[in-house]
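Below, each chain spelled out in residue letters.
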Amino acid sequence: YSYPYLTKEGKALVSEIGKLFRKKMSQTRLRRSDFKITSMTRTDEILGRLRKSNFNASENSPHFYGNAFDISYVRFSAKKWFITDCDKFYLKEALAEVIWRLSEENKCWATYEINQGCFHVVAR
């Protein structure tokens, strides 16, 4: 439900989240794990289709401007054969800590979307 495009600020934020997440995971058995970005820039047409299944999809979303993206907190890739529920919880919490830190530094706004299984992040 999106195009793989972000503004310069959005792209820099994704890179910083990735760098901090990898650093946080580097000393664990889940090192080399990656998060999944599930949405970036949307158009009016895409929004119309999305609103049929996602009641959170806003008509004035920052996704329109290439400054927002969604990161799944339920889907990760890891260099392990099997990711346990405990591993997923640990990865989710580590990602949440990284996003929270950047939010506290006024680098982004973020919301926790329960029904969509993602963090909605907007570059500031």
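Higher on the page you've got the structure.
These numbers come from a predicted model, not from an experiment. (Residues numbered from 1 in each chain as written. Predicted model: local features only at pLDDT ≥ 70, side-chain atom pairs only at ≥ 80, totals over all residues. Heavy atoms only, no water.)

Caption draft 1: A look at the sheet that holds strand S3 (residues 108-113). Ordered by their spatial adjacency, 4 strands build an open sheet running S1-S2-S4-S3, and the pairing between neighbours is antiparallel. Taken across any chain shown, the strands that pair with only one partner, and hence form the sheet edges, are strand S1 (34-39) and S3. Along the sheet, successive strands turn relative to each other by an average axial angle of 30°, direction set aside. Relative to strand S4 (residues 118-123), strand S2 (residues 68-77) runs antiparallel, the two being bridged by 5 bridges. Within S4, the position partnered with Asp70 by the bridge is His120. Helix H3 (residues 85-104) contacts S1, S2, S3 and S4 of the sheet and is inclined by roughly 155° relative to S2. (Pairing = 2+ DSSP bridges. Helix = DSSP H or I, 4+ residues; strand = E, 2+ residues; numbered from the N terminus. Axes fitted to C-alpha atoms, helices over the stretch in contact; angles between N-to-C directions. Contact = heavy atoms within 4.5 Å.)

Caption draft 2: Molecular detail of helix H1 (residues 8-25). Along its 18 residues, H1 runs 26 Å from first to last C-alpha, staying within 8% of the 26 Å computed at 1.5 Å per residue. Looking at H1, one finds that the buried residues are Gly10, Leu13, Val14, Ile17, Gly18, Leu20, Phe21 and Met25. The secondary structure elements touched by the buried residues of H1 are S1, S2, H3, S3 and S4. (Expected span 1.5 Å × (residues − 1). Buried < 20%, exposed > 50% of the residue type's maximum accessible area, 1.4 Å probe, protein only.)

Caption draft 3: Just the pairing of S4, in detail. Most of S4 is tucked away: 6 of the 6 residues are buried. Burial of the side chains of S4 extends over both faces: Cys118, His120 and Val122 are buried on one face and Phe119, Val121 and Ala123 on the other. Hairpin connection between S3 and S4: a loop of 4 residues separates the two successive antiparallel strands, and Gly117 in this loop has a positive phi of roughly 65°.

Don't take any of this as a statement about function, it's just geometry.
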